[in-house]
Amino acid sequence: MTLPLISMRQITKRFPGVIANNKINLELYPGEIHALLGENGSGKSTLMSILTGLYKPTEGCIMVGGEEVKFASPADAIASGIGMVHQHFKLIESFTVAENIVLSQSKGGFLLKPEQIIADIESLGEKYGLQVDPRAYVWQLGVGEKQRVEILRMLYHRSRVLILDEPTAVLTPQETRELFVNLRKMADDGCAVVFISHKLNEVEELADRVTVLRGGCVTGSAAKEDMRRDKLVQMMIGREVLNTYEKNCEHCGEVVLQLEQVSALNDMNTVGLNNVRLAVRAGEIYGIAGVSGNGQRELAEVLAGLRPAMGGKIFFYGQDLTNKKPKEMIEAGISYVPEDRLGMGLVPNLDSVNNVILKEYDGKFSKGWRIRREAAIAATKRIVEDFDVKL
Ligand SMILES: Nc1ncnc2c1ncn2[C@@H]1O[C@H](COP(=O)(O)OP(=O)(O)OP(=O)(O)O)[C@@H](O)[C@H]1O
Ligand SMILES: [Mg+2]
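A few points on the structure.

Criteria and cut-off values
- Residues numbered from 1 in each chain as written.
- Chains lettered and ligands numbered in written order.
- Predicted model: local features only at pLDDT ≥ 70, side-chain atom pairs only at ≥ 80, totals over all residues.
- Heavy atoms only, no water.
- Pairing = 2+ DSSP bridges.
- Helix = DSSP H or I, 4+ residues; strand = E, 2+ residues; numbered from the N terminus.
- Contact = heavy atoms within 4.5 Å.
- Axes fitted to C-alpha atoms, helices over the stretch in contact; angles between N-to-C directions.
- Parallel < 35°, antiparallel > 145°, perpendicular 65-115°, else oblique.
- Nonpolar A, V, L, I, M, F, W, Y, C, P; charged D, E, K, R; others polar.
- Near = heavy atom within 4 Å.
- Polar contact = N/O pair within 3.5 Å; in protein donor to acceptor, adjacent residues only side chain to side chain.
- Areas by Shrake-Rupley, 256 points an atom, 1.4 Å probe, with all protein chains shown as cover.
- Expected span 1.5 Å × (residues − 1).
- Buried < 20%, exposed > 50% of the residue type's maximum accessible area, 1.4 Å probe, protein only.
- Arc of directions from axis to C-beta.

The four strands are arranged 12-11-13-14 in an open sheet whose pairing can be described as antiparallel. Of all strands in the sheet, those with a lone pairing partner are strand 12 (271-281) and strand 14 (319-320), marking the two edges. When strand 11 (residues 255-265) meets strand 13 (residues 311-316), the two strands line up antiparallel, connected through five bridges. Bridging across to strand 13, Leu259 finds its partner in Ile314. On the sheet, helix 9 (residues 296-304) packs against strand 11, strand 12 and strand 13 and is oriented at approximately 115° with respect to strand 11.

If you want it as structure tokens, here you go:
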């Protein structure tokens, strides 16, 4: 029998007020693609951050190749052959691809040979179908390419355990296909690949084995041949889910939001939105499809008052809201959840109450120049309860 490359035993991680991982056991074998499946906040990223030396476990131990290890930093994990592509990339935009890849190099002596490094990166890129110009600056790359740089970095450091945290979230369907082919090649070369996801169809397609997390605990695991969708759903959310929604528009009412020939520039000052017309009615969920970079963000920002419309009109309940300020849009009742939750949606180093206050700083939570903190705390508690917010 093959020995596991990695054994995580009884791993517990406590943060103030929350147990992110609770007595987790996990084994990773060479040659396998192992999926970690779980809802938001179930503890997937935390578990893998422990394996990569970013966090220390509160309890439990990690064995690499049968030997217990204690990682003091990610550099120790890299030296043990463990690499990770984080959910939020960790690249320096003003450095080149090659510079980013050698940055975390812990050995190699005093002198680096740039031409050799570039040649090595190019040959790795060719072998695994991860083409990207090592001399390009990271700010010049698209998200798909940035992800390739992160994967190349793991391969360059000879990682045997490759962890990818929700890698498909930023990819087009075509890029996802290519990624899956490349990951299979890496597993075939004897690596253990960890694929974090909450998309069942991707897990079923790619993984040889799946471990499911819920509320910080392992709720089950299955090999490919035993993966049954209803079982996975049950393990993931703890109850059955009815997949049938009544989709009819009989209950849809009046037109609430109407866009007439709306145009706007993108960040490059070229046309981002070109004469967009749409009407959303009350009671309706209106989907907008398209490959990212084709105007979705511009559309959302125009509706949030963050980007001026160069032409056209926006009506909300019949009221003309074209080119109003964000504050006026919010007051009218339009809310925007941006795609970049941590960069734009929240101020991560403020607590939840302060984040709630930020959007409604006048009126509701203030009296004259004073903030009514109790009201803000009560409102935050209500939001947390009503929407089951995981803090
Ligand atoms: N640095 C931290 N400090 C405090 N709590 C944290 C920290 N990191 C994670 N948590 C909490 O631990 C729990 C597990 O979070 P984690 O990010 O591991 O979940 P996840 O499964 O990766 O979720 P997602 O699918 O949203 O990425 C959550 O309740 C989260 O709020
Ligand atoms: Mg995560």
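Once you've had a look at it, read on.
The N-to-C vectors of helix 4 (residues 114-127) and helix 5 (residues 143-156) enclose an angle of 110°; their axes lie 10 Å apart at closest approach. Considering their axes alone, helix 4 and helix 5 lie roughly perpendicular with respect to each other. Contacts between helix 4 and helix 5 involve Ile117, Asp120, Ile121, Leu124 and Gly125 from the former and Leu152, Leu155 and Tyr156 from the latter. Its residues assigned to classes, the contact of helix 4 with helix 5 comprises six nonpolar, one polar and one charged.

Neighbouring ligand 1 are 16 residues, the closest being Asn40, Gly41, Lys44, Ser45 and Thr46. For ligand 1, an oxygen atom lies 3.2 Å from a polar atom in the backbone of Ser42. Between an oxygen atom of ligand 1 and a side-chain N or O atom of Glu166, the distance comes to 3.1 Å. Its free accessible area being 630 Å², ligand 1 has 73% of it covered by the protein chains. Of all the secondary-structure elements, those providing two or more residues to the shell around ligand 1 are strand 2 (18-28) and helix 1 (44-51). Take the shell around ligand 1: its biggest share by element is three residues, from helix 1.

What sets the pattern is the α-helix's 3.6 residues per turn: residues three or four places apart point alike. Across its 14 residues, helix 13 (residues 373-386) extends 20 Å between first and last C-alpha, which sits within 8% of the 20 Å expected from 1.5 Å per residue. Taken residue by residue, helix 13 has Ala376, Ala379 and Thr380 as its buried positions. Projected onto a plane normal to the axis of helix 13, the buried residues spread over an arc of 100° and lie on a single side. Opposite its buried face, helix 13 presents the exposed residues Glu374, Lys381, Glu385 and Asp386, each directed more than 90 degrees away. Buried-residue contacts for helix 13 involve helix 12 (352-359). Among the residues trailing helix 13, Asp388 stands out with phi positive, at a value near 50°.

Everything listed is a geometric property; what it means functionally is a separate question.
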